[in-house]
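Residue-level listing of the chains:
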Amino acid sequence: MERLTLPSGGAAAVDEYLEYRRIVGEDDGGKLFTPEEYEEYKKRVLPMRLQNRLFVSWRSPTGMDCKLVGPETLCFCTHRYKQHKTDFETIPQQRPISLPCQVSGCACRAYLYVPLNGAQPIRCRCKHFADQHSAASGFLCNACSKCSGFHSCFTCACGQPAYAHDTVVETKQERLAQGKPVGQDVPYAAMGGLTGFSSLAEGYLRLDDSGIAFSCIWNTFFCENVRCMIVLNSWNSYRKPSSQWQNVDDDCSFVLPRVFPASLYLLMHLILTITELSAIITLILHIRKLSTEKNNIFFFVILLISGRAGFKPEIVQG
């Protein structure tokens with residue numbers, strides 16, 4: 001294995017180049033700016049970029065941002081988001097906002113996200129891949145004549161088909177009006193909808209308001225305590241929550257109402273953490289009250305492990 005070594009100050013030079021590349025993106029045409037050109041570029045572009053940033057997402061009919069587009073996210077034209085026009089001196093008034101591809105010879109007139117099926121593009125109903133279709137308006141297939149335009153029945157992880165989703169380009173004010181996160185103002189080029197590390201996850205896994213991920217919080221901080229209380233609460237079966245909770249599956253997974261503010265979830269997290277501590281104390285007290293027979297103690301330990309692992313053993317009273 002070849003080992004690369006950097007001279008003194010080399011690491012700082014690499015960091016400076018990466019910072020340069022994040023700020024300039026593709027605007028230098030592949031030729032590095034001189035220090036003077038770089039400073040002039042930052043004075044001219046950064047104020048405009050901070051004020052007129054556009055957020056791009058792939059949104060389901062339910063309003064969830066299933067994909068937040070970043071600099072390297074591919075368009076239907078097979079070029080990346082950073083290769084499209086993303087900086088505007090004044091934000092266009094027409095909607096939807098079109099972000100044309102800036103690669104020479106590309107017919108793409110507006111950025112359009114297309115999902116991947118694993119590592120390959122999704123297929124059209126004509127059985128050909130998305131990259132076998134024209135990027136021009138109409139998205140006709142280049143491999144057959146029967147295709148009337150790209151249309152895929154690929155199903156997103158949110159449960160909705162791909163054709164029901166929309167590529168949404170919106171301003172910071174429009175996103176705030178919907179209660180969706182906008183992150184911090186950053187000087188980097190083509191950030192799209194990225195606001196943090198959670199933006200890299202799919203919508204249903206994301207822990208912010210742009211995705212419905214409250215079921216994950218519910219499972220982590222509540223369902224585990226429910227399973228403990230099954231063992232501790234006189235061996236009685238617990239009752240599922242009332243109709244205000246939406247039942248998702250039979251493994252006590254529920255989706256919290258989205259109308260609750262974030263502070264309420266933090267308070268719930270604190271309360272449920274205290275509940276888990278009290279459950280452990282209660283378990284210890286119950287074990288101490290058991291008889292000295294090893295079988296009983298072993299039975300309790302197995303129940304606890306199986307409950308924490310997600311299984312639901314049959315509890316027999318008596």
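Between its first and last C-alpha atoms helix H2 (residues 35-51) spans 24 Å; for 17 residues at 1.5 Å apiece the expected length is 24 Å, and the two agree. When we look at burial in H2, the residues that qualify are Tyr38, Tyr41, Val45, Leu46, Met48 and Arg49. For H2, the secondary structure elements touched by its buried residues are helix H1 (10-24).

This part is about the sheet that holds strand S1 (residues 54-59). Read across the open sheet, the 3 strands follow the order S2-S1-S5; overall the sheet is antiparallel. Either end of the sheet is taken by a strand with one partner, and the two such strands are strand S2 (65-68) and strand S5 (166-171). Neighbour to neighbour, the strand axes of the sheet diverge by 35° on average, direction disregarded. Looking at chain direction, S1 and S5 are connected through 6 bridges and run antiparallel. Note that in S5 the partner of Leu54 across the bridge is Thr171.

Within a pair of aromatic rings, the relevant descriptors are the distance that separates the centres and the angle that separates the planes. Scanning the entire structure with this criterion turns up 8 aromatic pairs. Ring centres of Phe76 and Phe139 lie 4.8 Å apart, and the angle between their planes is 65°; on these two criteria the pair is classed as edge-to-face. With Phe76 in the loop between S2 and strand S3 (116-117) and Phe139 in the loop between strand S4 (120-121) and S5, this residue pair connects regions lying 63 residues apart in the sequence. Among the aromatic residues, those joined into a ring-pair cluster are Tyr17, Tyr20, Phe33, Tyr38 and Tyr41. We note Arg123 situated over the ring of Phe129; from NZ or CZ to the ring centre the distance is 4.0 Å.

In the structure shown here, the tally under the stated rule is 13 salt bridges. Of the charged contacts, one joins Glu72 and Arg80 as a salt bridge, the two residues approaching to 3.3 Å between their closest N and O atoms. In this structure Glu72 comes out as partly exposed when scored by relative accessible area, which is 43%. Here Arg95 makes a salt bridge to Glu174, at a shortest N to O gap of 3.0 Å. With Arg95 in the loop between S2 and S3 and Glu174 in helix H3 (residues 172-177), this pair connects stretches of sequence that are 79 residues apart. Take Arg95: its relative accessible area is 42%, and that puts it in the partly exposed class. Ionic contacts of the salt-bridge type, sharing partners, join the residues Glu26, Glu72, Arg80 and Lys82 into one network.

Right, let's talk about the nonpolar core for a bit. Most often, soluble globular proteins keep nonpolar side chains buried together rather than apart. Grouped together as the largest cluster of nonpolar side chains are 27 residues, with contacts concentrated most on Leu54, Val56, Cys77, Tyr81, Leu99, Cys108 and Tyr111. The element contributing the most residues to this core is S1, with 3 residues. When sequence neighbours within four positions are dropped, the list of residues in contact with Tyr81 reads Leu54, Val56, Val69, Gly70, Pro71, Thr73, Thr86, Leu99, Tyr111, Ala190, Met191 and Gly192. Core analysis: the second largest hydrophobic core is formed by 8 residues, Ile23, Val24, Tyr38 and Val45 among them.

Calculation criteria
- Residues numbered from 1 in each chain as written.
- Predicted model: local features only at pLDDT ≥ 70, side-chain atom pairs only at ≥ 80, totals over all residues.
- Heavy atoms only, no water.
- Helix = DSSP H or I, 4+ residues; strand = E, 2+ residues; numbered from the N terminus.
- Expected span 1.5 Å × (residues − 1).
- Buried < 20%, exposed > 50% of the residue type's maximum accessible area, 1.4 Å probe, protein only.
- Contact = heavy atoms within 4.5 Å.
- Pairing = 2+ DSSP bridges.
- Axes fitted to C-alpha atoms, helices over the stretch in contact; angles between N-to-C directions.
- Phe/Tyr/Trp six-rings, centres within 6.5 Å; stacked < 30°, edge-to-face > 60°.
- Lys NZ or Arg CZ within 6 Å of the ring centre and 35° of its normal.
- Salt bridge = Lys/Arg side-chain N within 4 Å of Asp/Glu carboxyl O.
- Core = buried A, V, L, I, M, F, W, Y, C linked by side-chain atoms within 4.5 Å.

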